Amino acid sequence: MHTLEQLTTFIAVYEKGSYSAAAKLLGKSRTTVREHVMAFEDGVGYSLFVIEGRKAIPTDKASKLYFQAKVVEKQNRELYHFSQALFASDVHSVTIVHDVFAPMTMMVNIEEKIRQHYPNITVNWLHRTRPEALEMLNDGSADLALMPNRDMVFAETEVTWRSIANLQLKCFASVSSPLAALEEVTINELQGQTQYLTENFLALNVGFAKVSPRRHVVSNHDLLCELIKRDGWAVMPTDYLLPYLNSGELVELNIKESPIGKGIGLNVFFAIGKDTQQEFADIIDWFEEQGRLLG
């Protein structure tokens, strides 16, 4: 019978590709890591890695075992975080970090809901990149994170999430842009102009995020809008650009080829066990409610 320590060590070696790298990750000696793997191999009755120089190459059986091992390890950590959340103190403030793609109307409505039901709670809204947001959830400096979905089974760190909406992303440019004069805009024509995009959109690594060879990354939403009023184009949710569209400063482009203009999932991320506290459970439910209104 394997132990959780052996399972964790197996996963580390599998993901890092060597005993030494796994030892560094786990804060253990290389010898200890090797002993845990060998003990795990004795328990399952077959080899998990073939050692080639400094590399640990997974066997076919190890590759089949990895996903299930990852699930068990994740469930064990979830149990720990859940048990710790039961001892949490009363909630006096809520810090919500968000991506620039998070709909403004949703955040305003959530703020109003919290004020109505929990008038004594202080609410902080902070714009952060995805890595920053997940790190803040881990260290407790943020409670919730409103971020796009990467379409992955596991998040980059030990948090959980709820899917709350599907945002329709569309392509926008200045009314004075040569693109605005076209009835239909092709990918080739987009590639001839500067593309402005947010840090998180670039980090999601979806194909339609990287269209033009001239890509300028902008973390501030207001600056991005001001820049595309003068030059270039950007893919953004319509909700964020409504004031500029209504004023006639920006226009939506009619893209001939897909997938420009496709949807992207929006999740609310939180530490495992956070939703055991009534205040946070309510706020997460309100995010789901607001997401349904967007759909």
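A few points on the structure. Owing to the predicted nature of the structure, the values given are computational and were not obtained by experimental measurement.

## Concerning helix 2 (residues 19-26)
Stage number 1. Looking at helix 2, one finds that the buried residues are Tyr 19, Ala 22 and Ala 23. Angular distribution of buried residues about the axis of helix 2 spans 105°; they occupy a single face of the element. Turned more than 90 degrees away from the buried face of helix 2, the exposed residues are Lys 24 and Leu 25.
Stage number 2. Considering only its buried residues, helix 2 is in contact with helix 1 (4-16), helix 3 (30-44) and strand 1 (49-52).
Stage number 3. The N-terminus of helix 2 is capped by Ser 18, whose side-chain oxygen sits 3.0 Å from the backbone nitrogen of Ala 21.

## With respect to the nonpolar core
Stage number 1. Among the nonpolar cores identified, the biggest contains 53 residues, and Leu 146, Leu 190, Trp 233, Leu 253 and Phe 287 are the most heavily contacted of them.
Stage number 2. When residues of this core are assigned to their parent elements, the largest contribution, seven residues, is made by strand 6 (residues 159-174).
Stage number 3. Core analysis: the next-biggest nonpolar cluster, separate from the first, contains 17 residues, Ile 11, Ala 23, Val 33 and Tyr 66 among them.

## Brief notes about the environment of Asp 285
Stage number 1. Following the sequence through the fold, Asp 285 ends up in helix 11 (residues 278-294).
Stage number 2. On the accessibility criterion, Asp 285 (37% relative accessible area) is partly exposed.

## Let's talk about helix 10 (residues 238-246)
Stage number 1. Looking at helix 10, one finds that the buried residues are Tyr 240, Leu 241 and Tyr 244. Taken end-on, helix 10 shows its buried residues confined to a sector of 65°, consistent with a single buried face. In this structure, helix 10 carries Pro 243 and Asn 246 as exposed residues pointing more than 90 degrees from its buried face.
Stage number 2. Buried positions along helix 10 lie against strand 3 (93-98), helix 5 (104-117), strand 6, helix 9 (221-228), strand 9 (233-237) and strand 10 (250-252).
Stage number 3. Within two residues after helix 10, Gly 248 carries a phi angle of roughly 85°, on the positive side.

## Structural notes on the pairing of strand 11 (residues 263-271)
Consecutive residues of a regular strand have side chains that alternate between opposite faces of the sheet.
Stage number 1. Summarising burial for strand 11: seven of the nine residues are buried, a large majority.
Stage number 2. Relative to strand 11, strand 5 (residues 144-148) is paired through five bridges, and the arrangement is antiparallel. Looking across to strand 11, one finds that Pro 148 is bridged to Leu 266.
Stage number 3. Two elements, strand 6 and strand 11, share nine bridges in a ladder whose sense is antiparallel. Each bridged residue has a counterpart across the sheet, and for Gln 168 the counterpart in strand 11 is Gly 263.

## Overview of the side chain of Asp 99
Stage number 1. By the element assignment, Asp 99 lies in the loop between strand 3 and helix 5.
Stage number 2. No salt bridge is formed by the buried Asp 99; the nearest opposite charge belongs to Arg 130, separated by 7.9 Å.
Stage number 3. Within the local environment of Asp 99, its side chain forms a polar contact with the backbone nitrogen of Phe 101, the two atoms lying 2.7 Å apart.

## Details of the packing of aromatic side chains
The description of an aromatic ring pair uses the distance of the two centres, along with the angle that the planes make with each other.
Stage number 1. Scanning the model with the defined rule gives six aromatic pairs in all.
Stage number 2. Between Phe 10 and Phe 49, the aromatic rings sit 5.8 Å apart at their centres with planes inclined by 50°, giving tilted as the arrangement. With a gap of 39 residues between them, Phe 10 in helix 1 and Phe 49 in strand 1 connect regions that are remote in the sequence. With respect to class, Phe 10 is no different from Phe 49; both count as buried.

## A few points about the pattern of salt bridges
Stage number 1. Taken as a whole, this structure holds twelve salt bridges when the rule is applied.
Stage number 2. A salt bridge links Lys 274 to Asp 143; the nearest nitrogen and oxygen atoms lie 3.0 Å apart. Residue Lys 274 is located in the loop between strand 11 and helix 11, and its partner Asp 143 is located in the loop between helix 6 (130-139) and strand 5; the two are separated by 131 residues in the primary sequence.
Stage number 3. Look at Asp 143 and you get buried, because its relative accessible area is 9%.
Stage number 4. Lys 170 serves as the salt-bridge partner of Glu 252, at 3.9 Å between the closest nitrogen and oxygen. Residue Glu 252 is found in strand 10, and its partner Lys 170 is found in strand 6; the two are separated by 82 residues along the sequence.
Stage number 5. Relative accessible area serves as the criterion here: at 45%, Glu 252 is assigned to the partly exposed category.
Stage number 6. Put simply, Arg 162, Asp 275, Asp 285 and Glu 288 are held in one network by salt bridges that share partners.

Thresholds, definitions, all that
Residues numbered from 1 in each chain as written. Predicted model: local features only at pLDDT ≥ 70, side-chain atom pairs only at ≥ 80, totals over all residues. Heavy atoms only, no water. Buried < 20%, exposed > 50% of the residue type's maximum accessible area, 1.4 Å probe, protein only. Helix = DSSP H or I, 4+ residues; strand = E, 2+ residues; numbered from the N terminus. Arc of directions from axis to C-beta. Contact = heavy atoms within 4.5 Å. Polar contact = N/O pair within 3.5 Å; in protein donor to acceptor, adjacent residues only side chain to side chain. Core = buried A, V, L, I, M, F, W, Y, C linked by side-chain atoms within 4.5 Å. Pairing = 2+ DSSP bridges. Lys, Arg positive; Asp, Glu negative; His and termini not counted. Salt bridge = Lys/Arg side-chain N within 4 Å of Asp/Glu carboxyl O. Phe/Tyr/Trp six-rings, centres within 6.5 Å; stacked < 30°, edge-to-face > 60°.

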